[in-house]
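Coordinate inspection notes
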Amino acid sequence: LQPPSSLLPSRLNTAALPHLFLKTLKPHKFDKEHATKKMADATPTAAAVPADLRARYVDAGQGHVFEYLDAGRVPAADTAAFIAQLESIDTAYVNGVFADTNAAHAAATSGGAGAATLEPMEGITSLASSSKAEVDGWRTKGLSAAAAGEVAALVLAG
């Protein structure tokens, strides 16, 4: 280990420098007890999750969402926001949508009763055949919806 020569005075004997430099480094003593206590204070535990919230996610088959929190891998500062986000999700509704989607897919791919058919859409309006006032109105409505968080985009690739 040797500091860059640009940081050294021009009259310094650089031959003895590595020994001098290494002698000035002080060994660092790791205090395991102090570090463990600090980690325990900063790391949320499973107790941070309300029992009813955990039960709701376990019942929905989604108990794994607590894996990193239980392992102490979610910073304490983020725990409250994480729990609030989980509380805002209606797990019964999400599971219902998932089940309905799987059922519809099964019916569509089985060719049996209720099989989905693909029909052309009706009542489509193109930008090319619309007036400037209509297009401007759609743009304003779309930007308002985006600003209100009411717009989603789905990109599929493959």
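Rules and cut-offs
- Residues numbered from 1 in each chain as written.
- Predicted model: local features only at pLDDT ≥ 70, side-chain atom pairs only at ≥ 80, totals over all residues.
- Heavy atoms only, no water.
- pLDDT = per-residue confidence, 0-100.
- Contact = heavy atoms within 4.5 Å.
- Helix = DSSP H or I, 4+ residues; strand = E, 2+ residues; numbered from the N terminus.
- Expected span 1.5 Å × (residues − 1).
- Buried < 20%, exposed > 50% of the residue type's maximum accessible area, 1.4 Å probe, protein only.
- Arc of directions from axis to C-beta.
- Salt bridge = Lys/Arg side-chain N within 4 Å of Asp/Glu carboxyl O.
- Core = buried A, V, L, I, M, F, W, Y, C linked by side-chain atoms within 4.5 Å.
- Patch = residues over 30% accessible without salt bridge, like charges linked within 9 Å, V, L, I, M, F, W, Y side chains within 5 Å.
- Areas by Shrake-Rupley, 256 points an atom, 1.4 Å probe, with all protein chains shown as cover.

We now examine the confidence of the model for the chain. This prediction gives the chain a mean pLDDT of 77; 65% of its residues lie at or above 70. In this model, residues 16-26 is a region of pLDDT below 50 whose contacts with residues beyond four sequence positions or in other chains number 11 contacts.

Each turn of an α-helix holds 3.6 residues, which means side chains three or four residues apart point in the same direction. Given a rise of 1.5 Å per residue, 12 residues ought to cover 16 Å, and the 17 Å separating the end C-alpha atoms of helix 5 (residues 76-87) matches this to within 8%. Taken as a whole, helix 5 has its buried residues at Thr-79, Ile-83 and Leu-86. The buried residues of helix 5 all sit within an arc of 65° when viewed along its axis, so they share a single face. Exposed residues pointing more than 90 degrees away from the buried face of helix 5 are listed as Ala-77, Ala-80, Ala-81 and Gln-85. Structurally, helix 5 contributes buried residues whose contacts are with helix 3 (51-59) and helix 4 (67-70).

Now for the pattern of salt bridges. Charged atoms that come close allow side chains of opposite charge to pair. Counted under the stated rule, the structure contains two salt bridges. For Asp-70, the salt bridge goes to Arg-54, with nearest N and O atoms at 2.9 Å. Separated by 16 residues along the polypeptide, Asp-70 in helix 4 and Arg-54 in helix 3 bring together distant segments of the chain. Given a relative accessible area of 37%, Asp-70 falls into the partly exposed group. We note a salt bridge from Lys-132 to Asp-136, for which the minimum N-O separation is 3.0 Å. Residue Lys-132 and its partner Asp-136 are both found in helix 7 (residues 132-147); the two are separated by four residues, about one turn of the helix. The class for Lys-132 is exposed, based on a relative accessible area of 63%.

All right, on to the nonpolar core then. Core analysis: the largest hydrophobic core is formed by eight residues, namely Val-49, Leu-53, Tyr-57, Phe-66, Leu-69, Val-74, Ile-83 and Leu-86. Contributions of two or more residues to this core are made by helix 3 and helix 5. When sequence neighbours within four positions are dropped, the list of residues in contact with Ile-83 reads Ala-48, Val-49, Pro-50 and Leu-53.

Here we take up a nonpolar patch on the surface. A cluster of nonpolar side chains, contributed by Ile-89, Tyr-93, Val-94 and Val-97, occupies part of the molecular surface with about 360 Å² of accessible area. With respect to the helices and strands, the residue Tyr-93 is situated in helix 6 (residues 91-110). Looking at Tyr-93, the relative accessible area reads 57%, which means it is exposed.

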